[in-house]
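A look at the structure
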Amino acid sequence: MNQFFRSLSPDQQVGALFILVFGLLGLASMAALLLSLRERSDTPEGEAAVERLRSARRLLRTTWAMVSVFWLAWVLGERAATVLFALVSFFALREFVTLSPTRRGDHRSLVLAFFAVLPLQYVLVATRHFELFTVFIPVYVFLALPVVSALANDPQRFLERNAKLQWGIMVCVYGMSHVPALLLLRFAHWEGRNAFLVFFLAAVVQTGMLAQHLASRRWPRPPRAPQISQSFNWRSWGIGVAAGSLTGALLAGITPFKPGQALAMALIACVAGSFGHLVMKALKRDRGVPSWGTEGRAVTGASGLLDRVDALGFAAPVFFHSVRWYFGA
């Protein structure tokens, strides 16, 4: 399969992937629709089956959203894709802040985060200032935000308020900005195909998350952290990481990696994404909500956008820097 993909031109690779991915998603969605039409009893078993189906449909919607965004990024090109992900970061950060306690003294820090930090981070990405964009938020911004908050003269819950804003910026802005940064890496003899790296990252992370979810349903085990996640256990986690890694090896033909390298890069991305998803679940439990958005209702301003991209916020920077370090891109 890898040799077949490598033998195709970039346009032919795009067409083949389009048919493969959207065809599989279409079949999965049709199967979910047919299953939803079946009558079920009001017994506990029937209710459990309905809940499993709802969970599967949520995962399908997430996958459709992610694939559509990345395909749109491919069509629009590097610059437009950077703007697109800047908007994703904006709405994700808005969603995060909505469920985080803020006070009047935080207004300046919030304005700085949304209208200075976020656009500057993406400008650094678009202009390929990789060294500066890597340290801009975790060094300069993390030192500047508490100073701005201190000047507001409001010490109540000062550490908690600043830590939550910094964490939101880290995941929603810093992490997500590494996705369009993949489009700007330079590889010898591989020009014009960087969007396949974005697709590779999204595919392996989403496959790993889906496999982990299905494994936890099929082979239930006592949860490792029951107060945070009832579905996370080491067996299902291992199955998810293995599935995502093998998917990466199968997709090596659309990347500059050899199969072994693709397997390793996918493993890194899946581990980071799965643990990141667990961390974001812990933040949701801290805020007392089951999800950032509930069943399509705009609870936090963006209908659960953060639920769809939280794993990428962790996987993207780890994957980006691993690729850049290994290939010197």
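Values in this document were obtained by computation on a predicted structure and should not be read as measured data.

Averaged over the chain, the pLDDT score is 82; the fraction of residues at 70 or greater is 80%. This model gives residues 294–302 a pLDDT under 50, and the stretch forms 16 contacts once residues within four places in sequence are excluded.

Our focus in this paragraph is helix H9 (residues 234–250). Structural remark: α-helix, 3.6 residues per turn; residues separated by three or four positions point the same way. Over its 17 residues, H9 runs 24 Å from end to end, which matches the ideal 24 Å to within 8%, given 1.5 Å per residue. Looking only at H9, the buried set comprises Ser-236, Trp-237, Gly-240, Val-241, Gly-244, Ser-245, Gly-248 and Ala-249. Capping of H9 at its N-terminal end is provided by Asn-233; its side-chain oxygen lies 3.2 Å from the backbone amide nitrogen of Arg-235.

Among the nonpolar cores identified, the biggest contains 74 residues, and Ile-169, Phe-200, Leu-201 and Phe-319 are the most heavily contacted of them. If you list the elements that add at least two residues to this core, you get helix H4 (78–98), helix H5 (107–126), helix H6 (130–151), helix H7 (158–181), helix H8 (195–218), H9, helix H10 (259–287) and helix H11 (305–327). If near-sequence neighbours (up to four positions away) are discounted, Phe-200 is found in contact with Gly-248, Leu-251, Thr-255, Phe-257, Ala-262, Met-265, Ala-266 and Phe-319.

This paragraph deals with the pattern of salt bridges. Scanning the model with the defined rule gives six salt bridges in all. For Asp-106, the salt bridge identified is with Arg-161, shortest N-O distance 2.9 Å. Taken as a pair, Asp-106 in the loop between H4 and H5 and Arg-161 in helix H7 lie far apart in primary sequence, 55 residues in all. For Asp-106, a relative accessible area of 5% gives the class buried. With a closest N to O distance of 3.4 Å, Lys-164 and Asp-286 form a salt bridge. On the criterion of sequence distance, the pair formed by Lys-164 in helix H7 and Asp-286 in helix H10 is long-range, its members being 122 residues apart. In this structure Lys-164 comes out as buried when scored by relative accessible area, which is 17%. A residue is classified by how much of its surface remains accessible, and Asp-286, at 46% relative accessible area, is partly exposed. Members of the salt-bridge network, linked through shared partners, are Arg-157, Glu-160, Lys-164 and Asp-286.

Taken as a whole and assessed by the stated rule, the structure comprises 17 aromatic pairs. Between Phe-114 and Phe-115 the ring centres are 6.4 Å apart and the planes differ by 45 degrees, which places this aromatic pair in the tilted class. Accessibility expressed as a relative area gives 12% for Phe-114, which makes it buried. An aromatic cluster is present here, built from Phe-90, Phe-91, Phe-114 and Phe-115 joined pairwise through their rings.

Looking at the secondary structure, you find Asp-310 in helix H11. One buried charged residue, Asp-310, forms no salt bridge at all, with the nearest opposite charge on Lys-284 at 4.9 Å. Setting aside its immediate chain neighbours within four residues, Asp-310 contacts His-277 and Met-280.

Rules used throughout
- Residues numbered from 1 in each chain as written.
- Predicted model: local features only at pLDDT ≥ 70, side-chain atom pairs only at ≥ 80, totals over all residues.
- Heavy atoms only, no water.
- pLDDT = per-residue confidence, 0-100.
- Contact = heavy atoms within 4.5 Å.
- Helix = DSSP H or I, 4+ residues; strand = E, 2+ residues; numbered from the N terminus.
- Expected span 1.5 Å × (residues − 1).
- Buried < 20%, exposed > 50% of the residue type's maximum accessible area, 1.4 Å probe, protein only.
- Polar contact = N/O pair within 3.5 Å; in protein donor to acceptor, adjacent residues only side chain to side chain.
- Core = buried A, V, L, I, M, F, W, Y, C linked by side-chain atoms within 4.5 Å.
- Salt bridge = Lys/Arg side-chain N within 4 Å of Asp/Glu carboxyl O.
- Phe/Tyr/Trp six-rings, centres within 6.5 Å; stacked < 30°, edge-to-face > 60°.
- Lys, Arg positive; Asp, Glu negative; His and termini not counted.

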